[in-house]
Amino acid sequence: GAGVSQSPSNKVTEKGKDVELRCDPISGHTALYWYRQRLGQGLEFLIYFQGNSAPDKSGLPSDRFSAERTGESVSTLTIQRTQQEDSAVYLCASDGIAGVTDTQYFGPGTRLTVL
Amino acid sequence: RKEVEQDPGPFNVPEGATVAFNCTYSNSASQSFFWYRQDCRKEPKLLMSVYSSGNEDGRFTAQLNRASQYISLLIRDSKLSDSATYLCVVGSSYKLIFGSGTRLLVRP
């Protein structure tokens, strides 16, 4: 069965450009999460979707970061005017049980490099 | 203070050794507990859930002490393939909080 997929797998961009990262969760999973992982560090929570609403955006580091989700499907994380400190792996995860912490299944991540 | 704290290691052990990792968490209202494994340049994958009664999965044993807000993972008979970073994860409501991980290196 298909797991969580993310695209692109790698993205190199110049400082100041906008980037869009895509996540396709496991079919039927209602909850979707975005995390950021800098080199050698732990996972930082960015945003949580339940369906297409985002009850918790508390981890978004600045107003340059935004995310949306279409129904209980694809999500897009957008970073505007990228900065070098945005360089990291962006991981998406989904789980199937609304409102209850359960196993999260991760995608392979998008490795973003801002030059 | 971090919500989930782990010794970053690395723990460098020979094959066949027993190794234990510990983790503490700060939110006493936490409801769910996990160990995830992350290989280099890969995504985290669930290793096992952790229950108050303790649980075992083959060579892996996890323990939870709610009173002390402490979680442990014991790996017996270490294999080369166990080399990875082990993430302690604590959940409350919808949210999982990840520790920064403990790195394990198993040498031949």
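Preceding this paragraph is the structure being described.
Scoring rules and cut-offs
Residues numbered from 1 in each chain as written. Chains lettered and ligands numbered in written order. Predicted model: local features only at pLDDT ≥ 70, side-chain atom pairs only at ≥ 80, totals over all residues. Heavy atoms only, no water. Helix = DSSP H or I, 4+ residues; strand = E, 2+ residues; numbered from the N terminus. Rg over C-alpha atoms; globule rule 2.2 N^0.38 Å. Buried < 20%, exposed > 50% of the residue type's maximum accessible area, 1.4 Å probe, protein only. Contact = heavy atoms within 4.5 Å. Disulfide = S-S within 2.5 Å. Buried area = accessible area lost by both parts, 1.4 Å probe. Salt bridge = Lys/Arg side-chain N within 4 Å of Asp/Glu carboxyl O. Nonpolar A, V, L, I, M, F, W, Y, C, P; charged D, E, K, R; others polar. Pairing = 2+ DSSP bridges. Axes fitted to C-alpha atoms, helices over the stretch in contact; angles between N-to-C directions.

Draft legend 1. Structural context of the overall build of chain B. From N to C terminus, chain B includes zero helices and 11 strands. Order of helices (α) and strands (β) in chain B, N terminus to C terminus: β-β-β-β-β-β-β-β-β-β-β. Relative to its length of 108 residues, chain B is compact, with a C-alpha radius of gyration of 13 Å against a globular reference of 13 Å. With respect to the three principal axes, the spread of C-alpha positions in chain B is 40 × 30 × 20 Å. Burial analysis of chain B (108 residues in total) assigns 46% to the buried set.

Draft legend 2. Spotlight on the overall build of chain A. Looking only at helices and strands, chain A has zero helices and 11 strands in total. With the principal axes as the frame, chain A shows a C-alpha extent of 40 × 30 × 25 Å. Residues counted as buried form 49% of the 115 residues belonging to chain A. Of the contacts formed within chain A by residues at least 6 apart in sequence, a portion of 54% connects residues at least 24 apart.

Draft legend 3. Seen up close, the state of the cysteines. All chains considered together, the criterion is met by two disulfides over all chains. In this model, Cys23 of chain A is linked to Cys92 of chain A through a disulfide, with the two sulfur atoms separated by 1.9 Å. Handedness of the Cys23 of chain A-Cys92 of chain A disulfide follows from its S-S torsion of about -65°: it is left-handed. Of the two residues, Cys23 of chain A is situated in strand E3 (residues 19-24) and Cys92 of chain A in strand E9 (residues 88-95); the sequence distance between them amounts to 69 residues. There is no split in this pair, since Cys23 of chain A and Cys92 of chain A are both buried. Here Cys23 of chain B connects covalently by a disulfide to Cys88 of chain B, the sulfurs 2.0 Å from one another. Linking Cys23 of chain B and Cys88 of chain B, the disulfide has an S-S dihedral of approximately -75° and is accordingly described as left-handed. Of this pair, Cys23 of chain B sits in strand E3 (residues 19-25) while Cys88 of chain B sits in strand E9 (residues 84-92), placing them 65 residues apart in sequence. Here Cys23 of chain B and Cys88 of chain B have matching classes, each one buried.

Draft legend 4. Looking closely at the interface of chain A and chain B. Residue-level contacts link 20 residues of chain A with 18 residues of chain B. Carbon and sulfur atoms supply 55% of the area buried between chain A and chain B, which totals about 1600 Å² over both sides. Connecting chain A to chain B are one salt bridge. In this structure, Asp56 of chain A engages Lys95 of chain B in a salt bridge whose closest nitrogen and oxygen atoms are separated by 3.4 Å. Residue assignment for the side of chain A that touches chain B shows that the elements contributing at least two residues are strand E4 (31-37) and strand E5 (43-50) of chain A. Among the residues forming the side of chain A that touches chain B, the class breakdown is nine nonpolar, eight polar and three charged.

Draft legend 5. Here's a closer look at the sheet that holds strand E1 (residues 5-7) of chain A. Residue and element names in this part refer to chain A. With respect to topology, four strands assemble into an open sheet ordered E1-E3-E8-E7, the strand pairing being antiparallel. The open sheet terminates on both sides in strands that have one partner only, identified here as E1 and strand E7 (65-69). Strand after strand, the sheet turns through a mean of 15° between neighbouring axes, direction not considered.

Draft legend 6. Up close: unusual backbone geometry. Pro8 of chain A follows Ser7 of chain A through a cis peptide bond whose omega is -10°. Assignment of secondary structure puts Pro8 of chain A in the loop between E1 and strand E2 (10-13). Omega for the bond connecting Gly9 of chain B with Pro10 of chain B falls within 30 degrees of zero, at 10°, which places this linkage in the cis form.

Draft legend 7. Representation of the pattern of salt bridges within the structure. In this structure the tally under the stated criterion is nine salt bridges over all chains. Measuring nitrogen to oxygen at the nearest pair gives 3.5 Å for the salt bridge that ties Glu56 of chain B to Arg76 of chain B. Pair noted here: Glu56 of chain B is in strand E6 (residues 55-57) and Arg76 of chain B is in the loop between strand E8 (70-75) and E9, with a separation of 20 residues, a long-range link. On the basis of relative accessible area, Glu56 of chain B is assigned to the exposed category, the value being 58%. Each of the salt bridges in this network shares a partner with another, and the network as a whole consists of Arg36, Arg38 and Glu44 of chain A.

Draft legend 8. Here's a closer look at the sheet that holds strand E1 (residues 4-6) of chain B. Residues and elements named next belong to chain B. Strand order in this open sheet of five strands is E1-E3-E8-E7-E6, and the pairing throughout is antiparallel. Strand pairing shows two members of the sheet lacking a second neighbour, E1 and E6, which therefore form its edges. For this sheet, the mean angle separating the axes of adjacent strands, direction not counted, is 20°. Bridge count for E6 against strand E7 (residues 60-65) is three bridges, and the pairing is antiparallel. Looking at E7, one finds that Glu56 is bridged to Thr61.

This is a description of form; function is not addressed.
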